[in-house]
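Reading the structure
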Amino acid sequence: MEAQNVEISTRLTPEMKNQRTIELLYKALQQGDTSTVTKVVASDVEWWFHGPHHCQHMMRLLTGEPRSQVSFRFEPSSVQVVVPGHDCVIAEGWEGSHVYWVHVWKLKDGVVTELREYFNTWLTVTDYSLGAIGWDMGRCTVWESVPRDLARGSLPSLLLAI
């Protein structure tokens, strides 16, 4: 069985491996598996946050704050690679009708090196390197938020260039 897993693993693209790493990270965080978290997140992870200060839940989890003190549970509705070759994985989710979050993870050699965390913020991700194809002013939208319950309300929006 282990040989079969190794064979399947060698057929995965780097993007697929990165997506699986992030899916594994969320699962480990939900289960309180700190051993797995420390294996897939660099000790000097770069972290950016946009949102209310009290919503910095992921950093609390990544720094080892006891789960009993972090009541927020990240259950992503989607986890996806947006641009092949950029080592970037985006996850988004909702907590009821009042909280929408997006995480933009950057990985190097299968380890998370950067996290950009957005709460109640509409995010548009663009890739300027695709401009040669003839997109609008050298920019191509590769991912955009879809906050289902919050779409009726007003959210601040940000443009993230990769």
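Refer to the structure above for everything that follows.
The text that follows walks through the structure, step by step, so that each part is easy to find. Keep in mind the model is a prediction, meaning the values are calculated, not measured.

Calculation criteria
- Residues numbered from 1 in each chain as written.
- Predicted model: local features only at pLDDT ≥ 70, side-chain atom pairs only at ≥ 80, totals over all residues.
- Heavy atoms only, no water.
- Helix = DSSP H or I, 4+ residues; strand = E, 2+ residues; numbered from the N terminus.
- Contact = heavy atoms within 4.5 Å.
- Areas by Shrake-Rupley, 256 points an atom, 1.4 Å probe, with all protein chains shown as cover.
- Phe/Tyr/Trp six-rings, centres within 6.5 Å; stacked < 30°, edge-to-face > 60°.
- Buried < 20%, exposed > 50% of the residue type's maximum accessible area, 1.4 Å probe, protein only.
- Lys NZ or Arg CZ within 6 Å of the ring centre and 35° of its normal.
- Pairing = 2+ DSSP bridges.
- Axes fitted to C-alpha atoms, helices over the stretch in contact; angles between N-to-C directions.
- Core = buried A, V, L, I, M, F, W, Y, C linked by side-chain atoms within 4.5 Å.
- Polar contact = N/O pair within 3.5 Å; in protein donor to acceptor, adjacent residues only side chain to side chain.

**Some remarks on the overall build of the chain**
- Secondary structure assignment for the chain yields four helices and eight strands.
- Secondary structure elements in the chain, listed N-terminal to C-terminal, are α-α-α-β-α-β-β-β-β-β-β-β.
- Counted over contacts in the chain with a minimum sequence separation of 6, partners at least 24 positions apart contribute 55%.
- Just so you have it, the chain exposes about 9300 Å², and 52% of that area is on carbon and sulfur atoms.

**Looking at the packing of aromatic side chains**
- Per the counting criterion, the structure on display carries nine aromatic pairs.
- A ring pair is formed by Tyr26 and Trp101, whose centres lie 6.0 Å apart and whose planes are at 35°; its orientation type is tilted. Placement of Tyr26 in helix 2 (residues 14–31) and of Trp101 in strand 4 (residues 99–108) is noted, with a sequence separation of 75 residues between them.
- Overall, Trp101 belongs to the buried group, its relative accessible area being 1%.
- Each ring, one from Trp47 and one from Phe49, has its centre 5.7 Å from the other, and the planes form 35°; the classification is tilted.
- We classify Trp47 as partly exposed; its relative accessible area is 27%.
- Put simply, the rings of Tyr26, Trp47, Phe49, Phe72, Phe74, Trp101, Trp105 and Phe119 touch in pairs and so form one group of aromatic residues.
- One Lys or Arg, Arg116, reaches over the ring of Trp48 and ends 3.8 Å from the middle of that ring.

**Some details on the sheet that holds strand 1 (residues 41–50)**
- The strand order across the open sheet built from five strands is 1-5-4-3-2, with neighbouring strands paired in mixed fashion. Two strands lie at the open edges of the sheet, namely strand 1 and strand 2 (78–81), each paired on one side alone. Adjacent strand axes in the sheet meet at a mean angle of 20°, parallel and antiparallel pairs treated alike.
- As paired elements, strand 1 and strand 5 (residues 111–119) share six bridges and run parallel to each other. Looking across to strand 5, one finds that Glu46 is bridged to Glu114.

**Brief notes about the nonpolar core**
- With 25 residues, the main nonpolar core has Ile22, Leu25 and Trp105 as its most contacted residues.
- Mapped by element, the contributors of at least two residues to this core are helix 2, helix 3 (34–40), strand 1, helix 4 (57–62), strand 3 (88–95), strand 4 and strand 5.
- Per-element tally for this core: the top contributor is helix 2, with five residues.

**Considerations on the side chain of Ser145**
- Its place among the elements puts Ser145 in the loop between strand 7 (140–144) and strand 8 (157–161).
- A polar atom in the side chain of Ser145 sits 3.1 Å from the side chain of Tyr100.
- A polar atom in the side chain of Ser145 sits 2.7 Å from the backbone nitrogen of Leu123.
- For Ser145, the contacting residues outside a window of four places in its chain are Glu92, Tyr100, Val102, Thr121, Trp122 and Leu123.

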